[in-house]
Every structure is written in structure tokens, then in C-alpha cells.
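# Remarks on the overall topology
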Amino acid sequence: MKRIILPIIVASLFAISCKNTQNAKQEVSKVKTVKSNITDEQLMDRVQKDALKYFWDYAEPNSMLGRERYHEDDIYPDNDKHVVTTGGSGFGLATILVGVERGFVPRQIAVRRLTHMMDFLAKADRHKGAWSHWINGETGKTVPFGKKDNGGDLVETAFLTSGILMVREYFKNGNAEEKALAKKCDELWKGIQWNWYTKGGEKVLYWHWSPEYQWEMNFPLQGYNECLITYILAASSPTYSIDAETYYKGWTRNGTYLSDKEKYGLPMYVKHNGAEEYGGPLFWTQYSYIGLDPTNLSDKLIKNYFDLNKNQVLIDYKYCVENPKGWKGYGPNYWGLTAGYSRNQDGSVGYDAHFPQNDRGVITPTAALSSFPYSPKESMDFMRFMYTQKPEFIGSAGPYDATSINYNNWTTPRYLAIDQGTIAPMIENYRTGFLWKLFMNAPEIQQGLKKLSFKSEKYNIK
């Protein structure tokens, strides 16, 4: 099932162990319904362990990167079991770090696995330093995402790079093996030619470049959607950097992406591409913020990125509680619209970008579970409901990607890396800020944010 571009969601859908560790595969969780008296901390542990399994037990066995999809039924209509996704693998790197930090997986074995992953990425096809959206996990060759999308994907590369930098920061002061891993991460980061993707010096970044089709995809990165991290990393690069003008002219559309609209009394702050009334799918509040800490983060135009994200999440929540379409099950314990697997009208499995203006009666668990920093109570209510009352929605790696109480508790025994990969990191950022601290304290990120006039008292960025 290939991801598709919906006209109403501009840009957003384009948006296990290596040989020496195979015998050390960790069964990080067991599938069973939890008791209602489980504590919040115990439940968050359980959910993080479940999400970790996607990238630890079910990784693509040669590259050890995150498969694009994992199907419990072992049915792969597109014969793509071997295809890995770069962006989802970046979220997977962050997930593995959470596993190490919490003691869910052994540190030494994780280091060996991560080293294997970096070695694979170093040998895989790159396009002016950027990786393609999909890579053949067996060969390292580019797998086209679409006919002309057979080259570099700068946004997926950014999601991957965010994870690579956090791995570097976590291990850079460790033992010799860990320092060697950090060095590999640093080399991969420095090889990405971010400024090439300005198409010869235009004041905007472009999503794609192909050695065969050049710039024919012609997709400028303009806000607001999930792509902010791409500009942050491009500005922070010590080797192929962009300037601040590219950020403000390109991403912010010369400042015209600001909005004075509100919903349910909550200001929107920015115009969400193709979704200005309610805001876009909730992954827009997550993908760029696995490492980028929005807490009291500001730039020349946005006073507080945390408020921007929190309001989008709460608007989605309030919409689901209001439930204007009358879907069975929607409410305070069952909410959250984002992109992922979906239910077609005939009951078959499809893919869609769910958000209030494209509400299909399908709730995607990652939406609420990955929103913990912004909506801790609402997300915990959802988590408890799923794990204590809806065992049919829980599989071997946590809640299945798509669910619908409305359609007789419909679900599909399938997972997607980009959805599973945000759960453990965002829950951890709520619990301890662990990944935020790693990313925000990276020296190049500090300099890049300053270059773009970002400010954060939390990290002494002035």
C-alpha cells in the first residue's frame, strides 16, 4: 500500500539483529491486556516497550533499519517486506535510544546494532548526500516512492538525520566503541548537501531531487506542515548550510503563513496547508519535534511553538469530542486524527490523511499517544482506554495502526514505521525531556537556531 498525496493535504504524505547480535534479540514486551489498576508510569513503560518492538524485534534483518511497514498477518500486497523507510528509521533511532536509557535493551548490543545501521546508511544510495524515501534493505539501493520520486528526499532525510544526531550526542563521550559510532554519525550528517536542494540558490528548500528527473517533482517546502525540522537542520549544517533568508522567505512564505484564526477559542497561529479551519493531521505536531523542543521556543514570527502544537492537538481532541459526524465511539477516551492506514468504504484497508476536514471514522492510536507533551491527561485517558478496554486493538507491537469502533471494532493487524516511531520518543519527551535535551544541546543545532533568530531560555539560545 503506497502512500498517496491528497490534494487537500499539500506536502504532508510525501508526506532482527545484525549477525553478531542476532542471538540477543530482546522480547521487550508480551501481549496481554493490562489490569485497570496499573499505574500511569507502568502503563507508559508498557506502551514504550511495545513501540520499541517494531524497531528491535521486527526490523528489516539485513540493514536493521525500520521497515516501511510490518504486517502481523505476513500479507504484503506490494511485496515490500524488505523496503525500509528513512524517516521512520530516524524515529526508530530515537526509539532505540529511549530503550537504552530506560534499560529495555542492553546498551552494548544497541551500540553494535546502531553501528551496523550507520554502516549500511554510509553504503546506501545517496543523492547529493540525501537518502531516498525508501531504500531496499537488502541492497541499499533506492526504491522509487513514485515514478519521478527516485532520488533524494530531503524531508525524510531530515527525520533520519534528527535521529542520527541524537545517537551521536548520546554516545559521543562513551567508550571507544561508542565514540566510533558517534564518529560515523557525524560523518553521515556532514555529508548531506542541504544547500543543493535550493535548486541553484532559490530562497526556499525543495523536497526532491533525482539524478534522472532533476527537479521535475518541483515541490518547495513552505509552511505550515511537518517540515520545519528540515530548515533547522539545513541552517545548522557545518558543511552545506542555508542562510536565514531562505528560512524566512521560503518556509514562512515571507511571513504570510501567519494566521489570526482560531477554533474552539484556541488560536491557530499559522495557516495549516490545506487545513486552515481545524489544523492538519496530528503528525505535524510530532515529526519535527522528536528532537526539536518546542517549549517556550520562539523565532521572529512565532512566540511559542509549544502553544502552536498544543492548540492543534486540543482542537483535534475537541473536534473528536464534539463528533459532528456522529461516529460511534468518539469521545474523551477515543480520539486522534492523523495519517496512516485507513478503512475504505468497502471495508478494505487503505491509506489516508485523517484530520477534522477529512474525518473517516478511523482513529489512529499514534495521534493521541504521540501527543503526550501537549495533552497529558487526554493522551493518558486514551492510553488507558486502549490497553484496559480494547484488547482487540492491541497487537504484538502495541495498538494497531488504524482502528474504528464505529465499524464494529474494525482494525487491521498492521503497523507503519512513521506512526509507531513517534510513540516512545514523544512519551519520553513528556516524561523526562530526554531526546529534546540531546538534540537541543548539539553544538551545531544551537548555532543554527541562533542563525534563524530562534530563542529558548531553556537551552540558553538567545
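Residues numbered from 1 in each chain as written. Predicted model: local features only at pLDDT ≥ 70, side-chain atom pairs only at ≥ 80, totals over all residues. Heavy atoms only, no water.

Moving on to the packing of helix α3 (residues 107-123) against helix α4 (residues 154-171). Relative to each other, α3 and α4 sit at 135°, their axes nearing to 12 Å. Taken as axis vectors, α3 and α4 run oblique relative to one another. Viewed along their axes, α3 and α4 form a crossing whose handedness is left-handed. Residues Arg107, Val111, Leu114, Met118 and Leu121 of α3 form the contact with α4, whose participating residues are Leu160, Ile164, Val167, Tyr170 and Phe171. (Axes fitted to C-alpha atoms, helices over the stretch in contact; angles between N-to-C directions. Helix = DSSP H or I, 4+ residues; strand = E, 2+ residues; numbered from the N terminus. Parallel < 35°, antiparallel > 145°, perpendicular 65-115°, else oblique. Left-handed = near helix turned anticlockwise from the far one by under 90°. Contact = heavy atoms within 4.5 Å.)

Moving on, we get to the pairing of strand β10 (residues 349-353). Along β10, four of the five residues are buried, which leaves the element largely enclosed by surrounding structure. Sheet topology places strand β9 (residues 339-343) next to β10; five bridges connect them, and they run antiparallel. Each bridged residue has a counterpart across the sheet, and for glycine 340 the counterpart in β10 is aspartate 352. (Buried < 20%, exposed > 50% of the residue type's maximum accessible area, 1.4 Å probe, protein only. Pairing = 2+ DSSP bridges.)

Our focus in this paragraph is the sheet that holds strand β4 (residues 142-143). Two modes of strand pairing occur in sheets, parallel and antiparallel, and in both the strands are linked by backbone hydrogen bonds. Across the sheet, three strands lie side by side as β2-β3-β4; this open sheet has antiparallel pairing. What marks the edges here is a single partner per strand, and that holds for β2 (83-85) and β4. Both strand β3 (residues 134-136) and β4 contribute to a ladder of two bridges, which runs antiparallel. Paired with isoleucine 135 across the bridge in β4 is threonine 142. Across the sheet, helix α2 (residues 86-101) touches β2 and β3, and the angle it forms with β2 is around 65°.

The next point concerns the UniProt feature "domain: Glycoamylase-like" (unreviewed entry) in the protein. UniProt's entry tags residues 218-442 with the feature "domain: Glycoamylase-like" (unreviewed entry), counted in the numbering of this structure. Between the end C-alpha atoms of residues 218-442 the distance is 32 Å, and the span holds 33% helix and 11% strand. (UniProt positions renumbered as here; feature names shortened; annotations may be inferred.)

Spanning 18 residues, helix α8 (residues 305-322) covers 26 Å between terminal C-alpha atoms, matching the ideal 26 Å at 1.5 Å per step. Counting buried residues along α8, 13 of its 18 residues qualify, which places the element largely inside the surrounding structure. (Expected span 1.5 Å × (residues − 1).)

Tracing the chain through its elements places histidine 127 in the loop between α3 and β3. With sequence-adjacent residues up to four places away left out, histidine 127 is seen in contact with Ser132, Thr142, Asn150, Gly151, Gly152, Tyr197, Trp209 and Pro211.

Now for the side chain of aspartate 359. Of note, aspartate 359 is situated in the loop between β10 and α9 (365-369). One buried charged residue, aspartate 359, forms no salt bridge at all, with the nearest opposite charge on lysine 325 at 5.3 Å. Sequence-distant contacts of aspartate 359, defined by excluding residues within four places in its chain, comprise Tyr319, Lys325, Trp327, Tyr330 and Leu337. (Lys, Arg positive; Asp, Glu negative; His and termini not counted. Salt bridge = Lys/Arg side-chain N within 4 Å of Asp/Glu carboxyl O.)

With that settled, consider the nonpolar core. One finds Leu292, Tyr305 and Met383 to be the most contacted residues of the largest nonpolar core, which totals 141 residues. At eleven residues, the largest contribution of residues to this core is made by α4. Apart from residues lying up to four places away in sequence, tyrosine 305 is in contact with Leu228, Tyr247, Tyr257, Tyr289, Pro294, Leu297, Ser298, Asp299 and Phe454. Among the nonpolar cores identified, the runner-up in size contains nine residues, and Phe55, Tyr58, Tyr400 and Ala417 belong to it. (Core = buried A, V, L, I, M, F, W, Y, C linked by side-chain atoms within 4.5 Å.)

The subject of this paragraph is the pattern of salt bridges. Using the criterion set out here, one finds 29 salt bridges in the structure. Here arginine 107 ties to glutamate 178 by a salt bridge, and the two come within 2.7 Å at their closest N and O atoms. Of the two residues, arginine 107 is situated in helix α3 and glutamate 178 in helix α5 (residues 176-190); the sequence distance between them amounts to 71 residues. Exposure remark for glutamate 178: the relative accessible area of 6% places this residue in the buried category. Two residues, arginine 168 and aspartate 186, come together in a salt bridge whose shortest N-O distance is 2.8 Å. Of this pair, arginine 168 sits in helix α4 while aspartate 186 sits in helix α5, and the two are 18 residues apart along the sequence.

Here we come to the packing of helix α1 (residues 40-56) against helix α10 (residues 376-389). The packing of two helices is summarised by the inter-axis angle and the distance between the axes. Relative to each other, α1 and α10 sit at 70°, their axes nearing to 11 Å. Taken together, the axis directions place α1 and α10 in an arrangement best described as roughly perpendicular. On α10, the residues touching Asp40, Leu43, Met44, Arg46, Val47 and Asp50 of α1 are Met380, Met383, Arg384 and Tyr387. Of the residues contributing to the contact of α1 with α10, the split by class is six nonpolar, no polar and four charged. (Nonpolar A, V, L, I, M, F, W, Y, C, P; charged D, E, K, R; others polar.)

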